[in-house]
Structure formats: C-alpha cells, structure tokens
Amino acid sequence: MKKFLFHSGVFSRAITQQRLLLMFKWAFFFIFALCLKVSAKGYSQDNKISLEIKNMEFRKVLTLLQKKGKIHLLYSNEMLPVGKEISLTARDEGVLEVLQKVLVNTDLQYQVLNEELVVLTLRGAEVRNMPVKGRITDEKGQPLSGVTVGVEGSKTAVTTNANGEYEISVPENSRLVFSYVGYIRQSISVGQRSSLDVVLVVNPISSSLNDVIVVGYGTQKRSDVTGSVVSVPQSRLSELPVTNVMDAVEGSVAGFTVTQNSSAPGTTATLQVRGLNSINASTTPLIVLDGVPFPGSTNDINPNDIASIEILKDASATAIYGTRGSSGVLLITTKRGRTGKPVIRYNAYAGPEYFSHTFKPMDGAQYVEKNIIYNEQRGVTPPQPVYDSVINLAEVPNFRAGHQVDWIKEVSRADASIQSHNLNVSGGTNDVKYYINGEYTKDNGILKGYQYRRVSLRSNLDVNLTPWLTIGSTLFYANNNYDGGHVNLTLAGQMSPYGQEYNADGTYDIYPMYTQLLYMNPLLGLYEPVINRSNNLTGTGYLEVKPAIIKGLKYHLNASYSDLPGRYDYYTGRNMGDLIGHAYAQNTETQNWILENILSYTRDFGQHHIDLTALYSAQHDNFFVTSLAANTFINDQLGFNNINAGQVQSAGNMDALNNNAEPSQYALLSQMGRLNYSYAGKYLLTLTARRDGYSGFGALTSKYGTFPSVAAAWNIAKEDFLKNVSFVNALKLRASYGTTGNSAITPYQTITTLGVTQYVYDGTTATGTVAGSLGNAGLKWESTTGTNIGIDFGLFNRIDGTVEGYLTKTSDLLLSRNLPMITGYSSILDNIGKLQNTGMDVSIHSINVRTKNFTWETNLTYSFFHNKITQLYGNNQSDTGNSWFLGKSLGAIYTYKLLGVWQVGQNPAASQPGAQPGDLKFADLNKSGSITAADRTIVGYTVPKWTGGIINTFTYRDFSLRIFISTTQGAMKNNPILNPADQAGAINLPASVGYWTAANQSNTRSSLAYTNPLGYAYPSKDGYTRIRDVTLNYHVPARIVNSWGLGSLSCYLSGRNLHTFTKWTGWDPETNYNGGTSVNYDNYPQVASYVFGVNISLK
Amino acid sequence: MKTKFFLSILFMQALLFSCKKSFLAENLVSTYSPSNVLVDSLGFEAAMAGLQAQVRTQYTYAGDQGLIGCMYLGTDMANTIPSQSTAAMLPYFQYNTLTSTDPGALYYWGWAYQTINNANLIIQAAENPAVTATGAANKAYIDAEARFYRAYAYDFLVTLWGPVPLITVPLTVPKVNFTRAPVDSVNAQIVQDLTNSIATLPPVTGVRKEGRPNIAMAQQLLAEVSLRMSNPAVTQQLCQTIISSGNFSLINSRYGVNAGQPGDYYSDMFVYGNERRSQGNTEAIWVEEQDYNIPGGSTNSDQHRRMWVPGYYNVAGMVICDSLGGRGIGRMRLSRWIMYNLYDSNDMRNSIYNIHRVFYYNNPSSPLFGQQVIITGTDTLTQTSPYSTKWNNYQPTNLFGYGTIKDLIMMRLGETYLLLAEAQFLQGNPTGAAASINALRQRAYPGYPAYGQVQPSDITLDFILDERARELVAEENRRMTLVRTGTLLERVQRLGDTGATAITGMSAYNVLLPIPQEEIDLNEGAVLTQNSGY
C-alpha cells in the first residue's frame, strides 16, 4: 500500500515532478484550511453573548439575536408588537436569557423545539404543527424522487417518493428547504399553506457528479468513480461541421491529444491519451464502441449518432482492457431510444470552405529575379541561348506574353463546401426502445479532386422481454468514399508562374516546365480515376438476464461481428505522362468477431455497497488483401476496369508487402474481474485484474499476461464536517496504481521467415524467396505501470474541475534491436526498452455569470507531460539513427545547431572549411575544425511542452454563442518548405521565405546556390493558438415552435479554424507538409469553413 | 423456469467457450519460412531465384544514389565534384572523410553478408540428409550454385576489407561475438566452395536457365582469386580452359538489335537487347539480367546511367534523346587520364559509339539547333563531359527513367584474356601475355596489326592495368582490381585527377575499407578489430 501512494520516490526527480508536487501541496493545504474553517462553525443555544442596544426596533433586535446567538427563530411578522423599541445591555449571558429579557412587556413567549428551533408564540398558545404536502419536479416537469425536504433550522426532514411527492408536518411559519444532489437548493417560507409544489433547477456544477458515465464493462455515477475517467464536453458533440468527431474533440479534453496530420477531406487524426507509452508499437488508444472493442476507423462513426465519449486515462480505468489498455481507452456510446412518443429529428448543416491560410509562391517578377540571382550565385554563365531569364523552353511563350499562371488558384476549388444531413426517428415504450438514423455527409475539399462522402445507417434496439430478460441490438453500416484523383499542392508551389498549364488542345500539359521532367503538372492527378472506399458493417447483439432469485445479479452477453471490406483502384495513363498505362486494383477485407460474457453483482449491506464484475471474452481477427497491378494497355479508354488486358500482370502488391499488409490472423482470449466497494459513498475502492492471451506472443513465453490495478477515492464533501457547507459542492481525492499492457506486435514476429521477391530468367519472371526476418520466440507484451493522483472539486455552485498528476513507467518495450549485419539480418524484435511519462491534466469548468437571462460558462483544459527514455537495448546506448536518447524524450530532433549564414568577408576556415558566403553556418560543437556528424545535438522535440483549450459559452435568452480556442506550445518539427535542397534553380519557391544575397546579408536564409549537403531539415517552432470554432445558436422558443406544430427547432452558424496565431512559416503548423514531388495525400491546406445548421424535431 | 433458462444460457456459453487450446496458436497463413520452402525442388528453385535477386542488388541499389561511385571514384577511372556527390560518394575521393561510419562501406558489407546468409540457408538445406523430397543430384546442383555465390561474396569482402568474419551456417538465434578470420582461412573457404562448384556446375550451354551459374563463372572467379592468392599458374590453367572450351568467342562483327544502326561491334555488346548469350553475345560468361517492365526485371533502381551519363539536357537547347543515352545526371565523369590520355584514335573502344565526346544542340525549336554545344561556367562537365556509352539506356515510354534497366555484364571473355595475360606476366612469360592482349587488340583495332599490336617488351603490370581500363572502362569493379593488384595508391598518385575533381587525402591505409562502426558496436560479445588507420 505504501508503494502505491509513494511509488519509489515518484515526485523527486525532474522539474515536472517538482511542479506536480507543488500543485499537490497547494491542493492539500487548501483542503485542510477548509476543514479548519468548517470545524470553527458550531451551533448551540448555550451560546454566551454580549450586546448593548439602544432604542432598536423590536424586529431588528430579533434579527441581531439570531445572528449573534447563532439560533434560529421562528415567528410570523403579524404577531410582533408594532413600533416597540428595545434598549438592553447584556454581558456574557445565555442567548435564551437575553431573549427572555427582550420579550418582557410583550404578548410573546418562546418555546424550544427539538433543542434547536426556537419558536415565538403568543403567550399561552401552543406551537402548532401543520401538515404540508406537495410535488417536486425538475424544469421539464419530470418528478424528482429522493429530494430532501427539511425544516430550516431543524433536523426534521423527509424525502420525496417515486412520484416526487412529499408530506411533512412543520411548525407554522417555518421555512422548508428543498435539496437534491445536482440541483440548486431552495428555501421557501410555508406561511399558512398546506400545499407547496416546487420546481428544482439543475445546478450545473454539482449535477455532473451525479451523471452516470460509462466506465468500461458497465457504468458508474461520476461521484463513485475512482479512476481517471474524463467525459468529452457535450458541447463538442453537436453543432460542429466536422466529418470525424475527433476533429471536434481536438483540444477540448485534458490529456487527450488529437493531431490532424492533414486537413484533406476524410483523413483521420492521430489520437493519443496522455504521454507516449511506446516507441514502436501503437500509441493510439483502444476504441470501444457501445461496449465492444471497435475494429474500424473513426470515420465509420457518424458524429451525430454519438451520445457520449468517455476517455479512460489511468491504469485503474484501463487495466480492465489488459494488453490493449496502455495507451488509454476511448469509450464511445451511441444514442438509444427513450420511452415516449416517436420523435423524428432532422439535423443538417451546410456551408462553404476556404483556405484558412494561403502560402504564396513567388510571382513572375520574383521568380525571374530568383533565377538570375541563382545563376550569379552558382557562378554559372547562363548557357546560350538565354531563355529570357526563365529556365526552361516551355516557359518562354508565357513569359514573352506576360502571362502568369496562379498555380495555387488553379489547383483550388472555388465552390468547396461541406454538408451533412441526418434523419432519425427514436422513441419507445417501456418494453421496446428504438433509435434509427440515416446520414449523408459530403465534403468537397478546397483542392480540386479531393472529396469525402459518408453514407451511414444505424439501428439501435432494446427490448425488455420479461422483467428479468432484456435483449437488444446495435447495427450499423458506414460507407466511406474517398474516390477521385486529385491535384498536387506541392507541385503547385513549385511550378514556374510562366509554366504551360494547357496544351493547344486544352488538355493539361504534362511538363509545364519542359525540358524539366522532374516536375509535372500539378493538375494531372485530375485525370486519374481513383476508387477508394471502405465499408463497415457491424452487428452487435446483446442479452441481459437479471434472475430474480439472486437480487443484484446480472448476466450480460455481447456478440459482435464486423465485416470491413475496402477497395482501392486507380489508373495512370498517357494523359498523365505514363506512356504505357498502369492499373492497380486492391481489395481488402477484415473480419472480426468478439464474444463477451459479463457477470455482475450489485448489493448494498447497510452503508456498504459492492459491485462485482467478471468477464470472459474471446476475439478473433482475420485480415485478407488481394491486389492486382498491370501495365502496358493498348489505350487509356478502360482505365483499371479491364485490368486483365494489361500486357504485364502482377498479383500481390510490393507496397502492401512492404507495409506488412499481408493477410494475417490473430486471436485474443481474456478474463477480467473487478470489485467496486464503497462505504457510505465516502470511501471508495476499486480492484481489477485482467488476464489476456494473445496469439502473437512467442512460444518461449506465456501467451498470457495479467494486469492488476487498485484505486481508492475519498469523497470528502460527504463527510459530516463538509456536508452542510453550502459552498462545497464536491471534493474528492483519488489515487490509483496498476499495470496495463500493449500487445505491440503484429502477428508472426516470433517466427523466422523468408520474404518473397522476383527474379527473371531471359525475360521470364520467377518468384524467389530471400531471408526475411529472424524470429524471436520470446516476444511478449509491453507493460506500463502507472500511478495517478487526482482531486475533483466543485465550489460555490459555480466552479468545478479536476486536477490530476500521473507517472507511468513502461518496460519490455518492443524494439527492433539492431544486429551486426554479419548475421545476415539487420535487426530482431525484442522486449528491451523502458520509458517513463510524468504529466498533469487540469480541467476546470466555471459559471462566471448566471442571471435570469444571461449565463457565461467557461471550460478550461491544460495538460502537459514529460517523456523520458530510461533504457534502450541491452547496451544502454542512445540510438542516434532513430533519435532515441537515454534520459531524453521521444521525438528528439537531433541535428546540427544553426548559427546563421556565412557572410561575405567571414572566414570559415576555423570551423567550417570550404563554406561559401550564403552557406548555412553551423556550430562546430566538438571543436574539430569542421562540421561532421559528431556536431549534431538535440535542438528540440516534436512533443509539445504543454497544450490547452478554452471554451467560452455565452447564453442570452434563446441565443448562445460558443467560442473555442486551443493551443499547443513548445514543440518543433522539421519544415520542408524552407529546404529547396539542390533544386532552388529548378523550381519556384515560396514568396515569403526569401534567400540570402550578398546585399541583404540574411542570417536565416541560405543562398540559392546552397545545396544543403548536410541535409539540414530546418527544425522550426510549430507552436500555435487556434480559434477552432465559433458557433452562434438560436433556440426557437417552445411556444413559437409548438404553434408551428414542431417539437423543437434550433439553428446555428458555425465557423471553424477562423484564425491561427503562430510563428510557423508555411501552410499550417499542425498539419504535415512533406517535401518531395510524389503525389502526396498529406499536403493539403488547413481548411476554414462557415456553415449554417438546423436541428428540427417533429412531435 | 427462469432459473432453468438462466442456467441453460450459462451452459451454452460454457460449451461455446470450451475453446480449443489451439485458439491462441500462431499459424502462418501468408508467410514463407525455411521450414516450408527449403524442402523440395520447387522450393530450392525459388530460393535460388531469391539468392540471384539478392546478388543483383550489389550494383543496382539506390538507397544512396551514388553507391556505385564507391567502386570507381578515388581510383584512376572516375572523378566528380562535391556538389554532384551523395553521402556515399564523397569519402571515396576526399579520403580524409572516409571513416568507419562511411555509408558506402556499410552498404556493401551488408550486401555481402546478406548474400552469404541466403547462400548458407540453401547450402545447409541442400547438404541436409533429412531433406529427401528432392534427389541427391538436384541437391548437389543447387549446392554448387549457392557455393559459387558465397565464394563471390567472400572474395568481394576479403579483397576490400582483408580479414573478415567467416560464417558458413545460417543463424537461428542472434549472435554478437564475431571475430575476423585470417585472410588465408577466408581464401581457403573460397577455394573450397569454387572447387566444389567447378566439379558440379554445367557448361554455359547446359545451365538450367539462362543466367544460372555455369562452370566458366566459377573458373573465372577462381582464376581471379588465384591471382590475388599469388597462384598465377592456376589462373593460367583456368583461363585457358575457358578460352579453349569452345563455348565463348570474342565479338568481332556487328550483331543484334542495332546491327543496322550506326555503331560498331564493340558497342553492340552494350546495347539493351544484345547483352546476354541468347541475344548473340558470345563473349558473355556471367550476365545479371535486368528487363524493362517485366516483374522481377529489376530489384531496385539501378543508377548506372545516372552516374555515368552527363545531364546534357540541362543545357538550354538540348533535350533527352536515345542516341545520347537517355537521362543521366552526370554524378561521375571519366578521369582526365581516361578522357584524354588512355586511348589512341584507332582504338574502336574509343570510337564515338563507345566514348561520346561532342554534343550538338538537338532541340529543333532552338535557334542553335545542329550547332556544337560549347558552354562555360564552373561545373559544365556535369552537363557535357566525355562519357562511356556502356550505360546508355533509353526507354521511350519512360523518359525520366529513374532506374537503368539493362543487363549487367559481370564477366566476359575479354576479361579472361586480361586475367590470362596477368598470370602469364607474373610467371615471367611476357610473350604469352602479349599474345593474350593482342587477342583483344586484334578485335579492337580494325587496322591490326598495323595499328594496336603490342610487343612482349611493352608488357608490365601497369600496361596490363591500362589495358584493363581500355577494355573494361565503366564495367569492371576498378577498385577491386587495383586493390587486388596492390596498385591503388600508386596509380591514384600518378594518374588521379587534380584541380576541381582532385582526389584528396588518400593514405596507404585507405586501400582497405573501414569495418562499419555499427558492426563493431553491435558486436558486443567480442572485439571486431578495425582496419588500421580508421
């Protein structure tokens, strides 16, 4: 136990750990200060008071007495003597004695009820108790059961029944207090009323504690959760024009990093929960959709279907997922039907898309000047005949005609747009509930040819067959379509403004800069027919039995099957410069089945509550790919549709082989147990263990791994000393410790294999085998042991949040251990490394202003982590080839240190012999007198130092305005746009980047003649702050909507990626921009969009 | 009822999950392994195709586009300038930068040991009595082929590095305690392998498939190895066996696909479509085949053309064309010694079809069309230097042509005469040596014997090496030849370029390549000593 809280001096090393420690010190100080303040408060009629009053109005005297004596007086104003004034002196007298003195010469007497309530009555009269009854509802008119109805100042209290009704006997003139977790407490004077109905209003701060959230193999009330489970704010799940829900979530959840590597329509983002817990294996979290591990892409999930997303972050929460838990788990739950009349909803949005930022290449004049300076700097006398300062023959006509081509404009689409339509019907009776949704989403990108279209259908059904038997199904189909050849943004930036876009016949000129053959027309891709589609057919059936004989016992069976066929075909023909024609066709299919048996038992014994869950599951995954490539077609008429007509045929696909996309199978067999125990809702304990068997593990080790965890929490707010402190809505301390795994390896790594190659004998192809990889029969899972400490709080009915710190240590990292090539192999996979992550996540939600018509809420997130490689290979040496350094973070950028640029007159002989003016000047770190590989150093990291986000929501009557800004800071990455390598004389360059000349003496840019022989990749800071979205919503008032015969109607305007603040030079700091000339799907501008959306429901 | 129902569901589940133990077993469904390939004749054939594909990557790999340069730069044959160099090229003419982290040495070292591993896998299985699905004769045939390639790889290693680790059985578990075996041990293994091959391999007329090892390949390799081992008598005997076998003859008349085009019979040998025996090349002993646009026709992107052919189309007014050899980028150029001093004008090997020296504007739309190209500037030689046409390669359907797709002539009869001459000279027989060289001269000089004939008094080792350059320019592995004959340093000092393309910083120790530092570092269990000087 000691180990789990203070794990081997967790908070003693790095600076980040000290920072954590400081945060926790403050947190503990805060809690103890709170306790002290609370204990000072007491209540007694034996209080001694001193006071001196002169001619004070009778009523004011009573008020003063209540305040000074800390007693509660009950009286009605009518009985008080009118105009009577009191003068009085008391020194250390009992409060009741003083009250007695005040009542002298009046008709009044006092009476003490229940030793706490002091009632004033007319002399001789008895205190009358009167019955009061009523009904408590929420704002929607739904009855609230379990509401505490108490007499103010007294311990007398009752709770409402299932219909929200109460009945209580109270002294006349008393006040009733209505309190209910999650709702704002109300105090109402009863007067003479015998009936009092009350509508309670949700307290946005404390109600979230009462929310039931999904925690994996079950649900829990938030206040009972012991591990680190964070919910994506509901506001991120609706009214956002994104095709992939992760694009909306990006930046809004502390400890969950979403990175859009490209903005091209339909590309999916990279997901990461907390730190980097693996080097080679996936750090993508496991996605569990409606309780079942999800084998598809996030594009297969219609954002409109999502009811909630929970992210499991710490070992306690994720250990139940065993070998798949170490990179965190995303639990996505889709909407289901509710009891009630059928509701038909139509949700839609549509709007134009724009470049959020355009990175312009040089115009004609700048281009020509560049070419002249290039020749000067190269010392080349332009060969005769000089092409009028352009480089290539094909540029001459446009140059002489003064005609410039704006290639960025040529490749972009003027009518880029995004739209989405959802039509759903849901409803149900007590026994049958249904939710059916159909979707059509289409993103016509801002570059020509790019598009994404999704059509999806979902049907969720729940049926109570008997009181003890429920069955249901979750069925969905999604079709993702990324069809179409597209333009090439990289080439568009490299084309000469005088290049020839079209041939005389109106077709695209293949080589706009002929005789230059290296750079082809960026629009040629539009000639390429491309079929690129993926489908997801998933069906899950469940059955739930609650046998009456054992109360609290539940058996749940999930059976899920997914079929994921995909298709990818393309053809390049003569019009693209391919003079023989190449066709390619690929079909992939994945089948995945999962069976889960979940047995749970819930029981209360007095104040003790237990919750047991047991799981036995099996999963099998099968992947198959077929591909055909053919070339040399008689003409281009049929594209890839008559692939057997190609003269040269090859089956299989070298690319697929190189990507390890071989047909494969794996199986997973798991058992899991979990115990949740709580005492009085105050002390919470969770114990879990999972045992996973994975087929991909080696024959020399067990195929099974066991992953235990423990977590405890203390709901301090429920302790007596805080229970009545109204400004504390919640206060909970949590700690957890546990181990999770990463199965890390794809199938067949444990077996020595032969690769397949081809050879040729006098023109006849022969398939050959060559030594592939040396198998390691001892491979096993990577394991991550983590500690998490957190505080959840809610204060003043206005602010709530979570602060968490964590430390994870991953061992048995699966690394490709290099072997001497003398062995005939270059490497072998082995479990040999260690990593560590420390970090902190902070989420704060506050209601800054709350008036009748106006509210202003803020959600703030902040997180950072520090990653450290603690062991590599056996020899404990850093791996400079992979940029893995012991004691340093992953993502190190290991390169030369740039000092500036050599200027005319400077002598490089001492540190960089041979350097010319205009060459980059590097630091000779080892003082060897020249720049060699030994002068490289770590100049930065691709991992951000911290990330944060802030959502501000303003609501005025039926309008709401939401503004979301997120930021990523402290990272660097290489910037290919700054590096023309040895091509500065051949291609156009960005206008804003510039180059060195003897005259401008730039100290950041090299001369055009510089060929960058060291391959310096220009690492640059890529921190940015982005206004991600602004949404203005109008909720048409119910009375208007009803008069139109509708159930509800809201509409909104939303803008995405409205502005980015960054020092990055290039298209966008977040999305990747790769160098090179190949058709690159990733190189795509960041997109800004403005959409109008509408949500309608019919009654 | 409810209880029964509940229990029966549990029971059904129990049945469903009484999983077989094999549920987690790993079954290879899509991958070959030695245990399912090297077991029958079809598997051995595939393994041999794989081994040959691996061997071919020696000079056809473009991981660094300049790898071929390692074998020519910094010798008397070729030079370049730093701005045309890749990381693999630079250390081979600026020798002070040749260190143990040299990427070229790393690649070639790795190529050799990967070849050896593939050969070892085959040899082990072919010599395994438990493999019975194929007969003894077939196993011996495959064994002899694989041993030829193993010997070839070890000869490459021991020539360029000196003592090297000797591995003759494939590994099943990682090993990191290698030590260098003496040169004599490596030589003994090479001789044993080749002796075995010569005993079993068929003549070139009897190979299973064109391009598979024949006895002459093993004989010529052993002939060269014997020169290196100072056994010229063995060399002489082997070369004479090849020459007298009747299976090969020097090309001395026009033939093949371009026979009707301008050219000469020497240039015919290096035209795509003419290079292999079945295409009429009677001189070919060992040809590594590459075919344009046939699966398996190439394994990587051969850079020979881009290395040797200049980037003439960078001159405004010039466009890529077939007669100029397609699209080169002139990473290397011939040394000045070869360009200007080596040949005389009567030597066919110096004809305009074999060494291209003069360029004319060839873009009809250029005002200078048809005029001779004369350009000035700092590095114009990358655009218009004289070059050997042996790597010309032009595919009209692939103008850019990243890879050079043509056969690699690894051994031909022309070289047999040169090896023979060298053996004869070393045995004090300059008359025989002169006769051997004159066999080539007779073919190369249309005016022979008035022109070109050599006399016994002309014969020196240097003359023989000069003649090798004349005959085998851009073809033989010049570095290996000069290292083998111990002449690299002296010839670089005497004949190497100066000025912008100077070979600099060369020391005696640079004759042997550095053992890659990664190999030394990864070999944790034993010390792999570095060649002195590095």
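Residues numbered from 1 in each chain as written. Chains lettered and ligands numbered in written order. Predicted model: local features only at pLDDT ≥ 70, side-chain atom pairs only at ≥ 80, totals over all residues. Heavy atoms only, no water.

Observations concerning the overall build of chain B
Working step 1: Scanning chain B for helices and strands turns up 18 helices and six strands.
Working step 2: A compact globule built from 534 residues would reach a C-alpha radius of gyration of about 24 Å, and chain B, at 27 Å, matches this within 12%.
Working step 3: Oriented by its inertia axes, the alpha-carbon framework of chain B measures out at about 110 × 60 × 50 Å.
Working step 4: The burial tally for chain B puts 62% of its 534 residues in the buried class.
Working step 5: Intrachain contacts of chain B at a sequence separation of at least 6 include 70% that bridge at least 24 residues.
Working step 6: Surface exposure of chain B reaches about 19000 Å², of which carbon and sulfur atoms provide 55%.
Working step 7: For chain B, the centre of its 37 positive side-chain charges and the centre of its 42 negative side-chain charges are spaced 6 Å apart. (Helix = DSSP H or I, 4+ residues; strand = E, 2+ residues; numbered from the N terminus. Rg over C-alpha atoms; globule rule 2.2 N^0.38 Å. Buried < 20%, exposed > 50% of the residue type's maximum accessible area, 1.4 Å probe, protein only. Contact = heavy atoms within 4.5 Å. Areas by Shrake-Rupley, 256 points an atom, 1.4 Å probe, with all protein chains shown as cover. Lys, Arg positive; Asp, Glu negative; His and termini not counted. Charge placed at Lys NZ, Arg CZ, Asp CG, Glu CD.)

Some thoughts on the pairing of strand β7 (residues 148-151) of chain A
Residues and elements named next belong to chain A.
Working step 1: As judged from the three bridges shared by β7 and strand β8 (residues 157-159), these two strands associate in the antiparallel manner. When the sheet's bridge partners are listed, G150 is paired in β8 with A157.
Working step 2: Linkage of β7 to β8, two consecutive antiparallel strands, is achieved through a turn of five residues, within which G153 is found at a positive phi near 85 degrees.
Working step 3: Where β7 meets strand β10 (residues 175-179), four bridges bridge the pair, whose relative direction is antiparallel. Following the sheet pairing, G150 is matched in β10 by V177. (Pairing = 2+ DSSP bridges.)

What to know about the confidence of the model for chain A
Residue and element names in this part refer to chain A.
Working step 1: The share of residues in chain A with pLDDT of 70 or more is 92%, and the mean pLDDT across the chain is 85.
Working step 2: The least confident element of chain A is helix α1 (residues 2-5), whose mean pLDDT is 37; the most confident is helix α10 (residues 407-411), at 95.
Working step 3: A low-confidence stretch, residues 1-16 (pLDDT under 50), is modelled with 26 contacts involving residues beyond four sequence positions or located in other chains.
Working step 4: Overall, residues 27-43 carries pLDDT values under 50, and its contacts beyond four positions in sequence, including any with other chains, amount to 19 contacts. (pLDDT = per-residue confidence, 0-100.)

Concerning helix α6 (residues 183-200) of chain B
Working step 1: Taking 1.5 Å of rise per residue, the 18 residues of α6 of chain B would be expected to cover 26 Å, and the 26 Å separating its terminal C-alpha atoms lies within 8% of that figure.
Working step 2: Buried residues along α6 of chain B sit against α5 (136-161) and α7 (215-228) of chain B. (Expected span 1.5 Å × (residues − 1).)

A few points about the pattern of salt bridges
Working step 1: Applying the stated rule across the entire model yields 61 salt bridges over all chains.
Working step 2: Residues D1029 of chain A and R236 of chain A are paired through a salt bridge, measuring 2.6 Å at the closest nitrogen-oxygen approach. Of this pair, D1029 of chain A sits in strand β50 (residues 1024-1035) while R236 of chain A sits in the loop between β15 (229-231) and α6 (245-249), and the two are 793 residues apart along the sequence.
Working step 3: When its relative accessible area of 2% is taken as the criterion, D1029 of chain A is described as buried.
Working step 4: What makes R236 of chain A buried here is its relative accessible area of 1%.
Working step 5: A salt bridge links E490 of chain B to R494 of chain B; its shortest N-O distance comes to 2.6 Å. One end of the pair is E490 of chain B and the other is R494 of chain B, both in helix α17 (residues 488-495) and four residues apart, which spans about a single turn.
Working step 6: Taking relative accessible area as the criterion, E490 of chain B reaches 34% and is therefore assigned partly exposed.
Working step 7: Residue class for R494 of chain B comes out partly exposed when judged on its relative accessible area of 42%.
Working step 8: Among the ionic contacts, a cluster of salt bridges with common partners joins E283, D347, R349, K390, R412, R441, R443, E467, R470, E471 and E475 of chain B. (Salt bridge = Lys/Arg side-chain N within 4 Å of Asp/Glu carboxyl O.)

Regarding the packing of helix α3 (residues 58-69) of chain A against helix α4 (residues 95-103) of chain A
All names here are of chain A.
Working step 1: α4 packs onto α3 with a crossing angle of 175 degrees between their chain directions and a minimal axis gap of 11 Å. Overall, the two elements α3 and α4 adopt an arrangement that is roughly antiparallel. When α3 is examined against α4, the residues F58, V61, L62, L65 and G69 are found in contact with a partner set consisting of V95, V98, L99, V102 and L103.
Working step 2: Among the residues making up the contact of α3 with α4, the classes are represented as nine nonpolar, one polar and no charged. (Axes fitted to C-alpha atoms, helices over the stretch in contact; angles between N-to-C directions. Parallel < 35°, antiparallel > 145°, perpendicular 65-115°, else oblique. Nonpolar A, V, L, I, M, F, W, Y, C, P; charged D, E, K, R; others polar.)

Some details on the sheet that holds strand β5 (residues 117-122) of chain A
All names here are of chain A.
Working step 1: Pairing is mixed across the open sheet formed by three strands, whose spatial order is β2-β5-β4. Looking at which strands have only one partner, the edges of the open sheet turn out to be β2 (72-74) and β4 (108-113). Put simply, the sheet's adjacent strands are angled 30 degrees from each other on average, direction ignored.
Working step 2: By the bridge criterion, three bridges tie β2 to β5 in an arrangement that is parallel. Bridging from a neighbouring strand, L73 pairs with V118 of β5.
Working step 3: This element, α4, spans β2, β4 and β5 of the sheet and lies at about 155 degrees to β4.

A word on the side chain of T86 of chain B
All names here are of chain B.
Working step 1: In this structure, T86 sits in the loop between β1 (78-79) and α4 (103-126).
Working step 2: Taking relative accessible area as the criterion, T86 reaches 12% and is therefore assigned buried.
Working step 3: A polar side-chain atom of T86 sits 2.5 Å from a polar atom in the side chain of D64.
Working step 4: Each residue touching T86, except ones within four places of it in the same chain, is listed here: D64, Q65, G66 and R331. (Polar contact = N/O pair within 3.5 Å; in protein donor to acceptor, adjacent residues only side chain to side chain.)

Thoughts on unusual backbone geometry
Working step 1: For the peptide bond that leads from Y514 of chain A to T515 of chain A, omega is 20 degrees, which places it in the cis range.
Working step 2: Topologically, T515 of chain A is positioned in the loop between α11 (489-494) and β27 (530-545).
Working step 3: Residue P449 of chain B is bonded to the preceding Y448 of chain B through a cis peptide linkage, with omega at 5 degrees.
Working step 4: Topologically, P449 of chain B is positioned in the loop between α14 (430-444) and α15 (461-472).
Working step 5: Even without being glycine, A680 of chain A reaches a positive phi, approximately 55 degrees.
Working step 6: Within the secondary structure layout, A680 of chain A lies in the loop between β32 (664-679) and β33 (683-694).
Working step 7: Positioned with a positive phi, N293 of chain B is a non-glycine residue whose angle comes to about 60 degrees.
Working step 8: By the secondary structure assignment, N293 of chain B is in the loop between β2 (284-288) and α10 (304-308).

Things to note about the interface of chain A and chain B
Working step 1: In this complex, chain A contributes 84 residues to the contact, which on the side of chain B involves 93 residues.
Working step 2: Interface area, chain A with chain B, both sides summed: about 7300 Å², of which 66% is carbon and sulfur.
Working step 3: When the buried surface of chain A facing chain B is broken down by residue, Y759, Y761 and I822 of chain A rank first, second and third, together holding 12% of it.
Working step 4: Inspection of the chain A/chain B interface yields one salt bridge.
Working step 5: Residue D762 of chain A pairs with R276 of chain B through a salt bridge whose shortest N-O separation is 3.2 Å.
Working step 6: The interface formed by chain A and chain B includes 13 residue pairs in polar contact (both at pLDDT 80 or more).
Working step 7: Tallied by class, the residues present in the side of chain A that touches chain B amount to 49 nonpolar, 30 polar and five charged. (Buried area = accessible area lost by both parts, 1.4 Å probe.)

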